[in-house]
Amino acid sequence: MVSMLSSLPILALVASVHITPAVAASPGLYLCQNWGFNEQPNFCNHYTEPWGKCTTITDRFPTDARGVSSAGPDPGNWCTLYENEGCTGAELQLYYPGYADLKVVGWNDRAKSFNCAAL
């Protein structure tokens, strides 16, 4: 009986522990026309499409001198840029914080679509 009573405070401690779940990542990809994630003189767009959805971006980022020059997924995401609409063709994998200058990896103004997934 003495041993049961001596373990009672430990049981009370275990029962009072509160476990907080980790904050879940949410879908997100930040794309800018300028290198360095600079919104001036052009613009940036933060996409929050559902994971796995293919999104064509040529309406906002034509692939001429106004295409995507910097790209970064939100923390907890990895995204793939595609050379063609419909998430086909050559690919560039992106992990947070992404690339401030897509020119260094040969992708300046090349992206036409993307999709993302949770890490």
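What this report covers is the structure whose coordinates are included nearby. (Residues numbered from 1 in each chain as written. Predicted model: local features only at pLDDT ≥ 70, side-chain atom pairs only at ≥ 80, totals over all residues. Heavy atoms only, no water.)

## Concerning the overall build of the protein chain
Broken down by element type, the protein chain carries 2 helices and 7 strands. When the elements of the protein chain are put in sequence order from the N terminus, they spell out α-α-β-β-β-β-β-β-β. When burial is assessed residue by residue, the protein chain has 31% of its 119 residues classed as buried. By element, 60% of the accessible surface of the protein chain is carried by carbon and sulfur atoms, the whole surface being about 7200 Å². (Helix = DSSP H or I, 4+ residues; strand = E, 2+ residues; numbered from the N terminus. Buried < 20%, exposed > 50% of the residue type's maximum accessible area, 1.4 Å probe, protein only. Areas by Shrake-Rupley, 256 points an atom, 1.4 Å probe, with all protein chains shown as cover.)

## Quick word on the state of the cysteines
Scanning the entire structure with this criterion turns up 3 disulfides. Between Cys32 and Cys44 runs a disulfide, and the two sulfur atoms are separated by 1.9 Å. Measuring handedness by torsion sign, the sulfur bridge of Cys32 and Cys44 sits at about 110° and is right-handed. Residue Cys32 is found in strand β1 (residues 29-32), and its partner Cys44 is found in strand β2 (residues 44-47); the two are separated by 12 residues along the sequence. (Disulfide = S-S within 2.5 Å.)

## Quick word on the pairing of strand β6 (residues 88-95)
Summarising the sheet, strand β5 (residues 77-84) and β6 pair through 6 bridges and their orientation is antiparallel. Across the sheet, residue Tyr82 finds its bridge partner in β6, namely Glu91. If you look at the hairpin formed by β5 and β6, you'll find 3 residues sitting between the two strands, and Gly86 has a positive phi there, around 80°. (Pairing = 2+ DSSP bridges.)

## Notes on the environment of Leu102
Residue placement: Leu102 occurs in the loop between β6 and β7 (113-118). Overall, Leu102 belongs to the buried group, its relative accessible area being 0%. Along the primary structure Leu102 and Ser70 are separated by 32 residues, whereas in three dimensions their C-alpha atoms are 5.5 Å apart. Filtering out sequence-adjacent residues up to four positions away, Leu102 remains in contact with Val68, Ser69, Ser70, Ala71, Leu81, Leu92, Trp107 and Asn108. (Contact = heavy atoms within 4.5 Å.)

## Focus: the nonpolar core
With 16 residues, the main nonpolar core has Leu29, Leu31, Ile57 and Leu81 as its most contacted residues. Residues contacting Leu29, with those up to four places away along its chain left out, are Asn45, His46, Tyr47, Gly72, Pro73, Asp74, Cys79, Leu81, Leu94, Phe114 and Cys116. (Core = buried A, V, L, I, M, F, W, Y, C linked by side-chain atoms within 4.5 Å.)

## Quick look at the pattern of salt bridges
Inspection of the entire model under this criterion finds 2 salt bridges. For Glu49, the salt bridge goes to Lys53, with nearest N and O atoms at 2.9 Å. Taking relative accessible area as the criterion, Glu49 reaches 22% and is therefore assigned partly exposed. Residue Lys53 is classed as partly exposed on the basis of its relative accessible area of 40%. Ionic pairing is found between Arg110 and Glu83, a salt bridge with its closest N-O pair at 2.9 Å. (Salt bridge = Lys/Arg side-chain N within 4 Å of Asp/Glu carboxyl O.)

## Digging into the side chain of Asp74
Within the fold, Asp74 resides in the loop between β4 (70-73) and β5. In this structure Asp74 is buried but unpaired, with Arg60 as the nearest side chain of opposite charge at 15 Å. Setting aside residues no more than four positions away along its own chain, Asp74 makes contact with Ser26, Pro27, Gly28, Leu29, His46 and Tyr96. (Lys, Arg positive; Asp, Glu negative; His and termini not counted.)

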